[in-house]
Amino acid sequence: AQRVTQPEKLLSVFKGAPVELKCNYSYSGSPELFWYVQYSRQRLQLLLRHISRESIKGFTADLNKGETSFHLKKPFAQEEDSAMYYCALRSGNTGKLIFGQGTTLQVKP
Amino acid sequence: GAVVSQHPSRVICKSGTSVKIECRSLDFQATTMFWYRQFPKQSLMLMATSNEGSKATYEQGVEKDKFLINHASLTLSTLTVTSAHPEDSSFYICSADRSGNTIYFGEGSWLTVV
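Residues numbered from 1 in each chain as written. Chains lettered and ligands numbered in written order. Predicted model: local features only at pLDDT ≥ 70, side-chain atom pairs only at ≥ 80, totals over all residues. Heavy atoms only, no water.

> Just to check I follow, could you spell out the environment of Ile56 of chain A for this structure?
On the secondary structure map, Ile56 of chain A appears in the loop between strand S6 (45–49) and strand S7 (60–61). Separated by 10 residues in sequence, Ile56 of chain A and Leu46 of chain A place their C-alpha atoms 9.7 Å apart. (Helix = DSSP H or I, 4+ residues; strand = E, 2+ residues; numbered from the N terminus.)

> Help me out: how do you make sense of the pattern of salt bridges in this one?
Enumeration according to the criterion identifies 9 salt bridges over all chains in this entry. Of the charged contacts, one joins Lys22 of chain A and Glu20 of chain A as a salt bridge, the two residues approaching to 3.0 Å between their closest N and O atoms. The partner of Glu22 of chain B in a salt bridge is Arg24 of chain B, and the shortest N-O contact between them spans 3.4 Å. Look at the salt bridges and you will find they share partners, linking Glu20, Lys22 and Lys73 of chain A into a network. (Salt bridge = Lys/Arg side-chain N within 4 Å of Asp/Glu carboxyl O.)

> Would you mind going over the environment of Asn70 of chain B with me for this structure?
All names here are of chain B. If you trace the backbone, Asn70 turns up in strand S7 (residues 67–73). Of the residues examined, Asn70 reaches a relative accessible area of 45% and is grouped as partly exposed. Ignoring any residue separated from it by four or fewer positions in sequence, one finds Asn70 in contact with Ser50, Leu76, Ser77 and Thr78. A polar side-chain atom of Asn70 sits 3.3 Å from the main-chain amide nitrogen of Ala72. (Buried < 20%, exposed > 50% of the residue type's maximum accessible area, 1.4 Å probe, protein only. Contact = heavy atoms within 4.5 Å. Polar contact = N/O pair within 3.5 Å; in protein donor to acceptor, adjacent residues only side chain to side chain.)

Purely geometric stuff here, so don't read any function into it on its own.
See below:
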């Protein structure tokens, strides 16, 4: 079965602290994984996709096929990073996305 | 950049009535669009795939007669919630697939059934 799991509903850190938002997946085949961010009252925005291997706003994520994980990391959290983060898996070659439960990141001053 | 727009952003309707939500791709053509439902503080649940010029493909457990999807043009998909009930109250989000590569999301539509 195709599934994305984000075990933490809420992650609260202080400004400047490192952040790791966990994501594990279950997929038979080569997965395409994404991180989306949803700031308060705004639409979902693409943050990262594993195939591009880029760093956006200081966030990085590495696909670990052995551990079936795609954790999102940032070395120094900023207050403006406070948002809802969703890990998502693309199903096949379609635009259909399977989302994790989401993790609220709260960065305290 | 590419934009996907939903209308209305908020709608309140009476129980038993039907309500339509539109999803438009503003600067690209989308042969496929997707409709999601999001409950407060929960994840997005895919409801259906909207295919231009053909029937929508519904996910398991989603009532096709309840949630009518029409994708009459390459830039517009509509979701009609028929005979709405309070439990249909939710945040509905659409997305559009640009050339099978990048997926863009609409801003979402809040539906409240009273």
